[in-house]
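# Close look at the chain arrangement
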Amino acid sequence: MRAAVAMALAACLALGSCARGVPDVTVRPVLPPVPADLEACLHREFPEIPERAFGRRDAVRIIADAKLLDRAKPACGDRALHWMKAVVAAFGRTTP
C-alpha cells in the first residue's frame, strides 16, 4: 500500500498534475446497493416434496415449480452479473 501511494505521489509530482498536493487515497466511493430482488431470487429453494403420499396434481405442481425455478436462477445470475459489470464500469477497474 505504501509503495502504491509513493508511486502515485511521484507520478503526480513528476507530471505536475497535483493541484492540491498529495492525493487523498483514503476516500472510498459509495457504491450503489445490490438490487433487493436479486438476493431473494438467488436464494429461492427447490419446491418442498412432501413426506406423505401425494397424487398426480401434487406431482405436476412440484415439477412445474421446479421448472420455473430452473429457469429463474440463470436469469437472476445474469442480472447480478449485469449489475456487477455496471458497477465496475462506473466506479473502478477489473481485478486481474
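None of the values given here were measured: they were computed from a predicted structure.

## With respect to a nonpolar patch on the surface
- On the surface, a cluster of nonpolar side chains totalling about 300 Å² of accessible area is made up of Phe46, Ile49 and Phe54.
- Look at Phe54 and you get partly exposed, because its relative accessible area is 35%.

## Remarks on helix α3 (residues 56-91)
- With 36 residues, α3 should cover 52 Å at 1.5 Å per step; its first-to-last C-alpha distance of 52 Å lies within 8% of that length.
- Listing the buried residues of α3 in full gives Asp58, Ile62, Ala66, Leu69, Ala72, Cys76, Ala80 and Val87.
- The inward-facing, buried residues of α3 contact α2 (36-42).

## Section: the state of the cysteines
- The tally for this structure, following the rule as stated, stands at one disulfide.
- A disulfide bridge connects Cys41 with Cys76, and the sulfur atoms are separated by 1.4 Å. Note that Cys41 is positioned in helix α2 and Cys76 in helix α3, a separation of 35 residues in sequence. The pair formed by Cys41 and Cys76 is uniform in burial state, with each residue classed as buried.

## Observations regarding the pattern of salt bridges
- Summed over the entire model, instances satisfying the criterion amount to three salt bridges.
- For the salt bridge of Asp37 with Arg79, the shortest nitrogen-to-oxygen distance reads 2.2 Å. One end of the pair, Asp37, is in helix α2; the other, Arg79, is in helix α3, and 42 residues separate them in sequence.
- The closest approach of N and O atoms between Arg61 and Asp65, which form a salt bridge, is 3.8 Å. On the criterion of helical spacing, the pair formed by Arg61 and Asp65 is a turn pair, its members being four residues apart in helix α3.
- With relative accessibility at 40%, the residue Arg61 sits in the partly exposed group.

Conventions adopted
Residues numbered from 1 in each chain as written. Predicted model: local features only at pLDDT ≥ 70, side-chain atom pairs only at ≥ 80, totals over all residues. Heavy atoms only, no water. Patch = residues over 30% accessible without salt bridge, like charges linked within 9 Å, V, L, I, M, F, W, Y side chains within 5 Å. Areas by Shrake-Rupley, 256 points an atom, 1.4 Å probe, with all protein chains shown as cover. Salt bridge = Lys/Arg side-chain N within 4 Å of Asp/Glu carboxyl O. Buried < 20%, exposed > 50% of the residue type's maximum accessible area, 1.4 Å probe, protein only. Helix = DSSP H or I, 4+ residues; strand = E, 2+ residues; numbered from the N terminus. Expected span 1.5 Å × (residues − 1). Contact = heavy atoms within 4.5 Å. Disulfide = S-S within 2.5 Å.

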